[in-house]
Amino acid sequence: MFASIKSAGLMGIRGFMTETEADAQNGIPGLFLSGALSSETKEAQYRVLNGIKNSGIDIRPKKITVNIAPASIRKQGTGFDLSIAVAILCSLG
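Residues numbered from 1 in each chain as written. Predicted model: local features only at pLDDT ≥ 70, side-chain atom pairs only at ≥ 80, totals over all residues. Heavy atoms only, no water.

Asker: In this structure, what is going on with the overall build of the protein chain? I would like to understand it.
Answerer: Across its full length, the protein chain holds three helices and four strands. Its C-alpha atoms give the protein chain a radius of gyration of 13 Å, near enough to 12 Å, the size a compact globule of 93 residues would have. Seen along its three principal axes, the alpha-carbon backbone of the protein chain occupies a region of about 40 × 25 × 20 Å. Within the span of the protein chain, comprising 93 residues, buried residues form 39% of the whole. For the protein chain, the proportion of contacts with a sequence separation of at least 24, taken over those separated by at least 6, is 73%. Summing over all exposed atoms, the protein chain offers an accessible surface of approximately 5500 Å²; the carbon and sulfur share of this is 57%. Charged side chains of the protein chain number 10 positive and 7 negative; the gap between the two group centres comes to 3 Å. (Helix = DSSP H or I, 4+ residues; strand = E, 2+ residues; numbered from the N terminus. Rg over C-alpha atoms; globule rule 2.2 N^0.38 Å. Buried < 20%, exposed > 50% of the residue type's maximum accessible area, 1.4 Å probe, protein only. Contact = heavy atoms within 4.5 Å. Areas by Shrake-Rupley, 256 points an atom, 1.4 Å probe, with all protein chains shown as cover. Lys, Arg positive; Asp, Glu negative; His and termini not counted. Charge placed at Lys NZ, Arg CZ, Asp CG, Glu CD.)

Structure representation (structure tokens):
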């Protein structure tokens, strides 16, 4: 199932609109992030999945792909964790 979430990011003191897209499919379970991400943003896969599990939500094993657009802007920091989590939960139904 495909889900798309509107969000925003910061570059210095300027904000920019982003769209977090998540798709959950059958396949080898895992979380894959894309979209010009910094190393701390790529580490969101561990924070987000642990946060969802610790909140008591049981996730079925799926291949989850998450893209944060636009790819022309580098996304930095942990500010995208919530939009990634919401997009994953929406894509899982």
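From this point, things continue past the structure.
Asker: Is there a simple way to explain the environment of Ala87 in this structure?
Answerer: Mapped onto the elements of the fold, Ala87 is located in helix 3 (residues 81-91). Residues Ala87 and Lys42, 45 residues apart in the sequence, show an inter-C-alpha distance of 15 Å. In this structure Ala87 touches Ala3, Ile5, Thr20 and Ala22, once residues within four positions along its chain are discounted.

Asker: Looking at this model, I keep getting lost on the pattern of salt bridges. Mind explaining?
Answerer: Pairing is possible between side chains that carry opposite charge, provided their charged atoms lie close to one another. Applying the stated criterion to the full structure yields two salt bridges. Note that Arg47 is salt-bridged to Asp81, the shortest N-O span being 2.7 Å. Here Arg47, found in helix 2 (residues 44-54), pairs with Asp81, found in helix 3; they are 34 residues apart in sequence, far enough to count as distant. Judged by relative accessible area, Arg47 falls into the partly exposed class, the value being 30%. Accessibility expressed as a relative area gives 15% for Asp81, which makes it buried. (Salt bridge = Lys/Arg side-chain N within 4 Å of Asp/Glu carboxyl O.)

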